[in-house]
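Working through the structure, step by step
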Amino acid sequence: MEHAFHNPDFLWRNPEPRASYDVVIVGGGLHGLSTAYHLAKNHGMRNVAVVERGWLGNGNAVRNTTVVRSNYLREESMPLYEFSLQRWALWREELDFDILFDPRGLLSLAHSTAEANAMKRVVYANRMAGIDGEWLEPADIADFCPIINLSPEIRYPVVGAALQRRGGIARHDAVVFALARAADALGVDLIQGCEVTGFDFDGNRVTGVQTTRGRIGAGKVGLVGAGRTPLLAGMAGFDVPIQSYPLQALVSDILEPVLHCVPMSGMLHVYVSQAHKGELVMGAARDTYHSYAQRGSVQILEHQLQAALELYPIMSRARMLRTWAGIVDVTPTLPRSSGARPWTTCTSTAAGEPGASRRPPAPDGSSPTPSPTVPRTTSTPPSPSIASRPGC
Amino acid sequence: MKRLTNGGRIDRSRPLTFTWNGEPFTGFAGDTLASALLGAGVDVLGRSVTLDRPRGVMSAGLEEATGFAQVTSGGSSEPLVRLTGLPLYEGLSAEGLITRGKLDDHGAAARFDKRYAHCDVLVIGAGPAGLSAALAATRAGVRVILVEADVEVGGALLRDEETIAGARALDWGASVRQSLGLATNTRVLTATIASLLMDQNGVLLAQRIGAHLAAGERGLHPEQRLWHVRARTIILATGALERPIVFPDNDRPGLMLASAARAYLRRQALAPERGVIFTTNDDAYRTALAWHEAGVAVAGIVDVRPAGGGALRQRAIDAGLAVHYESEVVGTVGDERGRLQRVLVRTPTGTITLETDLLAVSGGYEPNLNLHLQLRGATRYDPSIGAAVPAATLPGQWIAGAASGQLTLADALRTGVEAAHGALAGLGRIHTVDRDLPFAADDESREDPPAPSLQVASPDGDETRSFVDLHRDATVAGVQRAVQAGVRHIEHVKRFTLVGTGVEQGRTARTNAASLTAALTGRPAADVGTSGSRPPYEPLTFHLLAGRALGERYEPRRTTALHQLHEANGAIFEVAGQWLRPSRYARVGESPRDTVVRECQAARQRVAIMDASTLGKIDVRGPDAPWFLDQLYVNVISTIPVGRARYSVMCHVDGTILDDGVVMRIAEQQFFVTTSTGHAAAVVDWMEEWLQTEWPAKRVWVTPITEQLATIAIIGPRSREVIAAVAPDVDVSRTEFPFHSVVRNVTAAGIAGSQIARVSFSGELAFEVSVPWHEAPTLWDALLVAGSPHDITPYGLDALQALRIEKGFIIVGQDTEALTTPFDVGLGGLVSQLKDCVGRRSWERPANRRDDRAQLVGFTVVDSHEVVPEGAALTRALGAPPMPIDGHVSSSCWSATLDRSLGLALVRGGRGRIGEVLHAPLLDGRALRVQLVEPVHYDPKGERRHG
């Protein structure tokens, strides 16, 4: 019998929008809710609204594959992710909500010497920053994750793996509920079914947002609509160097536990975890065309499942119960800037590359760039090429 | 339920044995596993997911929420198979696991196929609407595919006794099926579910083939087949699903949808001892009448509506059935195993008890619009049926029959033909339509309007036993809690209660959850809507989607023409993208390092030979080819004389390195471009992208020829002698054949049409000979013979790495990162100041000119012969984390030539830090010290390449 998941008795008020707020956050996903919560909690800003065109969490928040990790490469961003990962571990208590954060270990599989070296590079860099990282040889992998096919006979045999034991998963719906409830309790107005249709400016200073529920005045506006950032920015009259792509995911039926960690294969483009409820949650490579439609090409799914069966033959008869796509905002060379940009006074944006949007967000509204007046880009620099060792 | 001695569509002469939870049972051909179990008296299938309540079959079709099993056949085991869709076969073995499945290791060898098909009209659903649509389209001569989830066509006709044009509706269906089967332009696929709708009318169909057969009959049949269909038009004739009613203890084995009860009677001759109907509409009366006509006792019809004048209700009265108007079932009572024994009915005159073993429930019908909703097709709330109906169709699509919200047989037949006419008009074929299709249903009898979607409040106020979603154990109490918590949107209700997250995606639960939410929040049902539909409609087996592209078929394994020779030579291979390449040629008793040292020494001291066939090779020709290559490469290509070559780099638009390689000019308008192995395809793509999108008028032709020409590299001080021996007609003297020369159409090893070039990736005197792919073994053998006086030695990638690292030659992707410019790796000198090129503009960005960028340097390991692992981070301040990261080791090797451990690194501001000593912490806690040096460790003046 499955353990019933228990939600709290109260989540949020459903207030009518006020005439104005000190801060209006556009986008009620994980980043938007986290920003509002931390503004209220850490900065005493209680006159804050989150405006959401659909329902809270209806974008990438409910489309990500729930992986939480901090094993990123760049010195500049590692502390941000590590800070975030540590906060995840504290959230259950702080938010008084069982978000089912489960640091069960994130295993990055390498299929060639070149890929192994690229992954080891991340491990080396992580350890320099005090972030846990290990290298497993195939025999160790067999112990850690028995269902992986370690046969040298498969098309791309596994030659090793990087392991971040503190990486894992959390329950995405619960995180939406938890952050929303906490923000609401601190006085943040969560206004759903409220689509922003325009921005009001006095000169180049934003003064409010036009919405489907009327005008809402704003001292400051934060754009936190990852997946729609170019559209929002365009509406506000400025360009962002971002293109949006579908990134597909799928879940299986509910199954007896077979997988107790989160193995990922970058070369074969598949990663998978098994949720507490029992479904396999699987992510793939992103689609290669620009789109705001939250669906992708079925060829990507087919290739992803070929990869999955290569690595996990036990999944042969698992079935794809649902599939969907999130929309990821990607800078032309994948994001690498984190400095302030003089886009428009008092607007900010949080947009991420595939990994960033896939993950539940960095709960970093409080640090290191706490004010929404500072543009913030949640970003991961590109990994070194993990293509084959090219040779001469 | 009991099996009647007569009737039904089962074949009583073909008994089939099967096992359920290890116990043997018998059913008949024509049974599903669900009906066979019901017929065998197995009505408790398992326990519910969180509340541990007994559950049985609640439907006869795709809407089943509780009847699931783990089915084992042929050694593999399939989880969560829907019993209502599984035809019984001899030897079927199933285990009642209704809420979660099990995986095992035995399924990987099974076969799953794929097919790709196009058609003019794809009709999804072969009920009356789909059959009439398919027949009309077939008669018009267009290519038709008709898809039916069931094992036979007919849909609702299989359960209803009606007439069409004077014939039994079922006979009409059979005659249509026969017509379609005879038509060469039409394909009928049964046991096939249209599961996933893509843009531009792409559809995935899952066809069960071997999975429906006894083990002995499977033969070479695939278990399932995945159809990728691209249809010019689609007609959705997916019918309607009956909705349950929510009331206390509505989850017992013995409760069933009224349409299902009728289907089991008509198809499998199954009936209760005493049935009761609970309905909001007239259709359920058909079930009561069917039972009555079959001699089954009907204990009562509980109708929430007042009496009316509809024909069906009148027939029930005429038959003497007990009808309780304005009444509701307010509870059920079960036996010790939880099976239904009686129902409690609140009537206007008080609560009564009806003894029954089957309660057939109907809360009305709603269109089955999953596919329409997958692409966010528009819907509107239709209060007359209490559910969403299509508000518009998607481009190239029509919706017919009950799926459109028009529920009668007459509607189905008419809208089916109309949809076909619409599709044919869309195809420009309307003039061929036969307008005389005799699709008139005879029974036009009036039905009374249904009551809206219904939840019966619990008399004792306990709503924890009134189930909204039987699969997920979601109850009215759960929805109430959600609303009290502040939840308003139906998607949040779903996530709070888990309604609709089970195997069947809440097909029978969604509308009830929405109307309950509407009632609890005081909003019209139209404002609440229902939760969205994510594809697929029915779960798709992973292996089906993967198909046969597994193992060796997962991706091509590319080997060179010399692969077998390498194997015979003791080569140890490594994965290089899709290629397999020798890392080294091990000799017995040699350590890996010894092998590499031996191979390197041969290259530096005598002569060594390598299969370089995986190198990317591109023929670029045309009048504009010189101009074109000038745009893509950072240096000037157009001035290369014919017969000469130049090393160069190409960049992305942002000025970062895409690839490097040697460009050889074969003729005035023809170039032989080489790329690194890993970038061969990307460079061709890159060239085509520019030609096709930016310069379509330029006359340039790009032809990848990597697999047309095999290339063998011969390197080392004695290489000239070896080349001279195999190509006696070519003057390879130092003066006549200088560095970066190329001759084509010469004879080497007797192979006419060979190409010989002088290029070097090792710093030594070196040649590359290219011959037609299949000639490579001849050339290789000839070179070995010619080189034997010099102990010519094959070498692999490990030695190649060491040789090029000693020379400071980069490998793009290993010694560069995504942001590396030519200037960062010391290739700024290649950049022509005389012309523009792709990427040039970006070099002007201040960020690309900073002197603290990661720059290529060499390093040597201080006081140790240990090789630093590639990837290791470098820091100036060794200590406890966090340590500053100054760079990383990109290439590293033991240099036998220089007798030290050395390598290349990308270090912040590295060009200005030559001489500095940094630390490389290792995973085992130790650290090595490295000193930064110039990247070229060996022969810095480059004299050796001249021999």
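Residues numbered from 1 in each chain as written. Chains lettered and ligands numbered in written order. Predicted model: local features only at pLDDT ≥ 70, side-chain atom pairs only at ≥ 80, totals over all residues. Heavy atoms only, no water.

**A closer look at the overall build of chain A**
- Across its full length, chain A holds 8 helices and 17 strands.
- Per-residue burial for chain A yields a buried fraction of 67% across its 392 residues.
- Taking all contacts inside chain A whose residues are at least 6 apart in sequence as the whole, residues at least 24 apart take part in 78%.
- Of the roughly 12500 Å² of accessible surface on chain A, 52% is carried by carbon and sulfur atoms. (Helix = DSSP H or I, 4+ residues; strand = E, 2+ residues; numbered from the N terminus. Buried < 20%, exposed > 50% of the residue type's maximum accessible area, 1.4 Å probe, protein only. Contact = heavy atoms within 4.5 Å. Areas by Shrake-Rupley, 256 points an atom, 1.4 Å probe, with all protein chains shown as cover.)

**Things to note about the environment of Leu11(A)**
- Mapped onto the fold, Leu11(A) is located in the segment before strand 1 (20–26).
- When its relative accessible area of 0% is taken as the criterion, Leu11(A) is described as buried.
- In this structure Leu11(A) touches Phe97(A), Phe177(A), Arg181(A), Asp184(A), Ala485(B), Val487(B) and Phe496(B), once residues within four positions along its chain are discounted.

**What about the domain arrangement of chain B?**
Residue and element names in this part refer to chain B.
- Assigned domains within chain B: domain 1 (1–110), domain 2 (452–552), domain 3 (568–614 + 708–791), domain 4 (616–704) and domain 5 (803–834 + 847–946).
- In this structure, domain 3 and domain 5 have C-alpha centres spaced 29 Å apart.
- The interface of domain 3 with domain 5 comprises 17 residues on the first partner and 17 residues on the second.
- Overall, the association of domain 3 and domain 5 removes approximately 1500 Å² of surface from exposure, summing both partners, and the carbon and sulfur fraction of that is 58%.
- When the area that domain 3 buries against domain 5 is broken down by residue, the three leading residues are Arg 593, Arg 604 and Phe 761, summing to 41%.
- Our count for the domain 3 to domain 5 interface comes out at 2 salt bridges.
- One salt bridge connects Arg 944 with Glu 764, and the closest N-O pair in it is separated by 2.8 Å.
- Counting across the interface, domain 3 meets domain 5 through 8 residue pairs in polar contact (both at pLDDT 80 or more).
- If one sorts the elements of the side of domain 3 that touches domain 5 by residue count, helix 16 (residues 592–605) sits on top with 5 residues.
- When the residues that make up the side of domain 3 that touches domain 5 are grouped by side-chain class, the tally is 8 nonpolar, 3 polar and 6 charged. (Domains from an automatic or database assignment. Buried area = accessible area lost by both parts, 1.4 Å probe. Salt bridge = Lys/Arg side-chain N within 4 Å of Asp/Glu carboxyl O. Polar contact = N/O pair within 3.5 Å; in protein donor to acceptor, adjacent residues only side chain to side chain. Nonpolar A, V, L, I, M, F, W, Y, C, P; charged D, E, K, R; others polar.)

**So, the pairing of strand 10 (residues 144–147) of chain B**
All names here are of chain B.
- Residues Val 144 and Leu 146 line one face of strand 10 and the alternating positions Ile 145 and Val 147 line the opposite face, and both faces are buried.
- Pairing of strand 9 (residues 112–124) with strand 10, which is carried by 4 bridges, proceeds in the parallel orientation. Residue pairing in the sheet places Val 121 in a bridge with Val 144 of strand 10.
- Bridge count for strand 10 against strand 13 (residues 186–189) is 4 bridges, and the pairing is parallel. Within strand 13, the residue paired with Leu 146 across the bridge is Val 188. (Pairing = 2+ DSSP bridges.)

**Things to note about the sheet that holds strand 46 (residues 793–794) of chain B**
Residue and element names in this part refer to chain B.
- Across the sheet, which stays open at both edges, the 6 strands sit in the order 43-44-45-42-36-46 with mixed pairing between neighbours. Edge positions in the sheet fall to strand 43 (742–748) and strand 46, since each of these pairs with one other strand and no more.
- Of the strand pairs in this sheet, strand 36 (residues 608–611) and strand 42 (residues 709–715) are connected by 4 bridges, and their pairing is antiparallel. Bridge pairing in strand 42 places Met 610 opposite Ala 713.

**Some remarks on unusual backbone geometry**
- A cis amide bond links Pro535(B) to the next residue, Pro536(B), at an omega of -5°.
- Within the secondary structure, Pro536(B) is located in the loop between helix 13 (525–528) and strand 33 (540–541).
- Omega for the peptide link from Pro881(B) to Pro882(B) comes to -5°, which places this bond in the cis form.
- For Pro882(B), the location among the structural elements is in the loop between strand 48 (873–874) and strand 49 (887–895).
- One non-glycine residue, His269(A), adopts positive backbone phi at about 60°.
- Mapped onto the elements, His269(A) comes out in the loop between strand 13 (262–265) and strand 14 (270–274).
- Despite not being glycine, Asp939(B) has its phi angle at roughly 50°, a positive value.
- Mapped onto the elements of the fold, Asp939(B) is located in the segment after strand 52 (927–933).

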